[in-house]
Structures are given as C-alpha cells and as structure tokens.
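# Observations on the model geometry
What follows is the residue order along each chain.
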Amino acid sequence: VYNIDSVHYRPVSFRRRKLVGRLMRLEPVAPNNLHDHWDSVEEDLRGCLKHDTSGAWIEDVYAMIQNGAAFLYILRGNNDEHMGALVIERTVNRWNGDVGIHVWMCCNRAGHQILREGQGLLEEIALQAGAKKITFRSDKLSFERLCRDLGYQLNEIELVKELS
C-alpha cells in the first residue's frame, strides 16, 4: 500500500492478469520487475520525454516507477510484438478527493494507434484505480482532435511565456 497525498490505495498495476483489448494487451510491470523490462521500454520513453515540458530526465521516470509514484504498462500486440509503453500516474484532487489517472507518457511504435486501439483498456485501468477521469497533456494541438474523437473534452489551456 502506498501513500500519495495522504490517500492510501493498492496500486492496480500489479494485478496478475493482463488487460486484453481488441488488438493489444497491456502488461503491468511491478516496480521490483522494472529492471528486467527497462531495456525494452527505455528508448520509447526517451522519445516521449522529447515532448514532455516538465523537465524530467529518464532517470526520474525510472525512479518514479521504481518508487510506485507512476505505473508502467508495456503494450503488446496479439503476436506478442512490442507496440510501445504507457506511464500512468494516479491523481487525487486535494480539494474534493476525486481520483483520476493521468497518462504521463504514451509511446507508440510506428503503425500503431495506442489510444484508439487501447481506449477500453485504459478505461479499465482507471476504473480499477477508482478513478472518475482520465487526463492527458500534449504540446500538439492535433492530439486534442484525436482525443475529442475518443470522448475527451478540452478542460483547460495553459499559456506559457519563457522569460530570459
């Protein structure tokens, strides 16, 4: 059991069964098994970090998964092909206690539409976590159009001005 923002919960990512969708399955990776899988996902995650504005390093991603602050899922096709990876954080609204999941990284391999093909799996993960919502962030406006087609709606806009 982990403690995030004083809310105790059992991480859903360590369940033994694999989540299976139409064209893919999500394999949860427990923190104590992260080292065994890291080589297969590190390149994907480095690619995602190029679009991440938080300033996180690949070592930060590893540490967050290792410490249970984020959860890693390996995406595999029906023929056991590696399709990419998801890193998900469980969020708790400090004011009303609502639980959500935030997809921090969604790393596609070429030719795969993980969000389209795996939307049902993502919703199942959210429900298992007791979440009421799923959130994403992106630096690309086209991502909003894709997500809108999947039932998401734009919630807020962040405007940033870099100061020298």
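Everything in this summary refers to the structure shown in the same document. (Residues numbered from 1 in each chain as written. Predicted model: local features only at pLDDT ≥ 70, side-chain atom pairs only at ≥ 80, totals over all residues. Heavy atoms only, no water.)

### What to know about the state of the cysteines
Evaluated as defined, the whole model comprises one disulfide. Between the sulfur atoms of Cys-48 and its disulfide mate Cys-107 the distance is 2.3 Å. Of this pair, Cys-48 sits in helix H1 (residues 34-49) while Cys-107 sits in strand E7 (residues 99-108), and the two are 59 residues apart along the sequence. Given a relative accessible area of 14%, Cys-48 falls into the buried group. Judged by relative accessible area, Cys-107 falls into the buried class, the value being 3%. Between Cys-106, a cysteine without a disulfide, and Cys-107, which holds the nearest cysteine sulfur, the sulfur-to-sulfur distance is 6.8 Å. Residue classification places Cys-106 among the partly exposed positions, given a relative accessible area of 22%. (Disulfide = S-S within 2.5 Å. Helix = DSSP H or I, 4+ residues; strand = E, 2+ residues; numbered from the N terminus. Buried < 20%, exposed > 50% of the residue type's maximum accessible area, 1.4 Å probe, protein only.)

### Remarks on the pairing of E7
Burial runs high along E7: eight of the ten residues are buried. Taken together, the nine bridges between strand E6 (residues 82-92) and E7 define a ladder with antiparallel strand orientation. By the bridge assignment, Val-87 is partnered in E7 with Met-105. Where E6 hands over to E7, the hairpin turn is made up of six residues, of which Gly-97 adopts a positive phi near 80 degrees. Looking at chain direction, E7 and strand E8 (residues 133-135) are connected through three bridges and run parallel. Bridge pairing links Gly-100 to Lys-133 in E8. (Pairing = 2+ DSSP bridges.)

### Observations concerning helix H4 (residues 119-128)
Given 3.6 residues to a turn, an α-helix orients residues that are three or four positions apart in the same direction. Buried within H4 are the following residues: Gln-119, Leu-121, Leu-122, Ile-125 and Ala-126. End-on view of H4: buried residues confined to an arc of 165 degrees, all on one side of the axis. (Arc of directions from axis to C-beta.)

### Remarks on the side chain of Asp-44
Its location among the elements puts Asp-44 in helix H1. You can call Asp-44 buried: its relative accessible area is 9%. Excluding residues that lie within four positions of it along the chain, Asp-44 makes contacts with His-82, Gly-84, Ala-85, Cys-107 and Arg-109. (Contact = heavy atoms within 4.5 Å.)

### Quick word on the environment of Ile-58
With respect to the helices and strands, the residue Ile-58 is situated in helix H2 (residues 58-66). With relative accessibility at 6%, the residue Ile-58 sits in the buried group. Spatially, the C-alpha atom of Ile-58 lies 6.4 Å from that of Arg-46, the residues being twelve residues apart in sequence. Every residue in contact with Ile-58, bar those within four places of it in the chain, is listed here: Trp-38, Glu-42, Leu-45, Arg-46 and Leu-49.

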